[in-house]
Amino acid sequence: MQDKKQDDEARVDIEVLKQFRVIFKSVRKHFQAIEDACGVSGAQLWALSRIAAEPGLRVSDLARGLAIHQSTASNLIEKLVEQGLVSRERSSRDQRVVHLSISSLGETVLGRAPGPFQGLLPDALSKLSPAQLDALHESLDVLLKLMADIEPGAVHMLLGEM
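One structure accompanies this document, and this report is about it. This is a predicted model, so every value here is computed, not measured.

**Points about the nonpolar core**
Inference 1: Counting 28 residues, the largest nonpolar core has I51, L62 and L100 as the members making the most contacts within it.
Inference 2: The set of elements that each furnish at least two residues to this core consists of α1 (2-38), α2 (42-53), α3 (59-66), α4 (70-82), β3 (98-102) and α5 (104-112).
Inference 3: Those residues in contact with L62 that sit more than four places away from it in its chain are A47, R50, I51, L57, I77 and L100.

**Focus on the environment of G39**
Inference 1: Locating G39 in the fold gives a position in the loop between α1 and α2.
Inference 2: Separated by 70 residues in sequence, G39 and V109 place their C-alpha atoms 8.2 Å apart.
Inference 3: If near-sequence neighbours (up to four positions away) are discounted, G39 is found in contact with I34 and Q83.

**Side note on a nonpolar patch on the surface**
Inference 1: A surface patch of nonpolar side chains, amounting to about 590 Å² of accessible area, comprises L125, L133, L136, L140, L143, L144, M147 and I150.
Inference 2: Counting residues per element, the nonpolar patch draws most heavily on helix α7 (residues 130-146), which supplies five residues.

**A word on the sheet that holds β3**
Inference 1: As summarised here, the arrangement of the three strands in space is β1-β3-β2, forming an open sheet in which the pairing is antiparallel. Edge strands, defined here as strands with exactly one partner in the open sheet, are β1 (57-58) and β2 (86-90).
Inference 2: With two bridges connecting them, β1 and β3 associate as antiparallel partners. Residue pairing in the sheet places R58 in a bridge with H99 of β3.
Inference 3: Where α4 meets the sheet, its contacts fall on β2 and β3, and the angle it forms with β2 comes to roughly 115°.

**Here we look at the pairing of β3**
Every regular strand shows the same layout, with side chains that alternate between the two sheet faces.
Inference 1: Covered by surrounding structure in β3 are V98, L100 and I102 only, the residues H99 and S101 on the alternate face being uncovered.
Inference 2: Alignment of β2 against β3, held across five bridges, turns out to be antiparallel. Considered in β3, the bridge of S87 is made with S101.

How each quantity is defined
Residues numbered from 1 in each chain as written. Predicted model: local features only at pLDDT ≥ 70, side-chain atom pairs only at ≥ 80, totals over all residues. Heavy atoms only, no water. Core = buried A, V, L, I, M, F, W, Y, C linked by side-chain atoms within 4.5 Å. Buried < 20%, exposed > 50% of the residue type's maximum accessible area, 1.4 Å probe, protein only. Helix = DSSP H or I, 4+ residues; strand = E, 2+ residues; numbered from the N terminus. Contact = heavy atoms within 4.5 Å. Patch = residues over 30% accessible without salt bridge, like charges linked within 9 Å, V, L, I, M, F, W, Y side chains within 5 Å. Areas by Shrake-Rupley, 256 points an atom, 1.4 Å probe, with all protein chains shown as cover. Salt bridge = Lys/Arg side-chain N within 4 Å of Asp/Glu carboxyl O. Pairing = 2+ DSSP bridges. Axes fitted to C-alpha atoms, helices over the stretch in contact; angles between N-to-C directions.

Right, here's the structure in full:
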């Protein structure tokens, strides 16, 4: 009887591992589809879509919306500006504040891009109920505590850049 229980538990471990594999592969495949369709990374597309949705968005607000460090957001914006997809304008009241706007070329890129713009994983997480999200959060927190070697700095990194 004990062996059957251990077999069932081991099988669940393997099934969860397989689920993680499907998640990781699906996320990578979506990022590749974005790159192929419109020539920008998944992170750049997400930023572009946020700027399109909120013209005049500040860099700090973009960083907060993407859950990344402000320097990461600044680097992301720099690439979008270089590609002519986004423009920056300094506030007339406070020169330290930069407002972002999407260009017509940026809108064209968005029009070609496969959705969801924020990526498969953030999109799926946004569709979970609060109770499901809380349970997942708690379970992943336990899993992270059990892992011997984690990268805590990854919390501010974009999935497409890992």
